[in-house]
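Spelled out from the first residue to the last, the chains are:
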Amino acid sequence: MHRIGIGPLAKFISLANFLLFGIEIGTRCFIGEGLFLPHTQGTVVGAAAIGRNCTIFQGVTLGAKEIDMAYDERVRPIIQDDVSIGAGAKVLGGITIGSRTKIGANAVVIQAVPPDSIAVGVPARIISKANEQR
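Definitions and limits used
- Along each chain, the written sequence defines residue order, and numbers are assigned to residues from 1.
- This being a predicted model, a pLDDT of at least 70 is required before a residue's local features are given, and a value of 80 or more before pairs of side-chain atoms are given or counted; all residues contribute to the totals for chains, interfaces and linings.
- Calculated side-chain values reflect all of the structure's heavy atoms, with hydrogen atoms and water omitted.
- By the criteria applied, helices consist of DSSP H or I runs no shorter than four residues and strands consist of E runs no shorter than two, each listed in order from the N terminus.
- Contacts: residue pairs with any heavy atoms within 4.5 Å of one another.
- Working rule for helices: expected span equals 1.5 Å times residues minus one.
- Throughout this description, buried means an accessible area under 20% of the type-specific maximum (1.4 Å probe, protein chains only), exposed means over 50%, and partly exposed covers the range between.
- Along the arc lie the directions from the helix axis toward the C-beta atoms.

Chemist: Residues and numbers for the side chain of Ser117, please.
Modeler: Counting through the fold element by element, Ser117 comes out in strand β13 (residues 117-120). Setting aside chain neighbours within four positions, we find Ser117 in contact with Arg100, Thr101, Lys102, Ile126, Ser128 and Lys129.

So, in structure tokens, the structure goes:
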């Protein structure tokens, strides 16, 4: 609705979504097809963009590090394709989470994560990359 110029209706739908499902989704966030939200309670989607076939579990926050009432996409995360974000994780700031990455439950991600990685902890650190020898 926001992309086709019906901002007030987009905001109304966003409010209804919050009241009915307990999830807050920014009206300007581009979302690719196949987004899966198995449990929506407490989830905040304030990213610049979410790619295709991502899974976001309950209590996840995607957004800016500081208050951003103008919804500046430069200070919001970009989630690429096939990413899984565990329950309670926080992904904050103008960073990119690479394709096929897994973010562990309750991780706090404040730096970019390359594709095919696993990031866990507070602050999040990368514990596995696809190109590493095992």
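Next comes the rest of the account.
Chemist: Just give me the short version of helix α1 (residues 7-21), but keep the residues and values in it.
Modeler: The terminal C-alpha atoms of α1 lie 21 Å apart, and with 15 residues this matches the ideal 21 Å at 1.5 Å per residue to within 8%. Among the residues of α1, those classed as buried are Gly7, Ala10 and Ser14. The arc that holds the buried residues of α1, viewed along the axis, is 60 degrees, so those residues lie on one side. In α1, those exposed residues whose orientation departs by more than 90 degrees from the buried face are Pro8, Phe12, Leu19 and Leu20. One or two positions beyond α1, positive phi appears at Gly22, with a value near 70 degrees.

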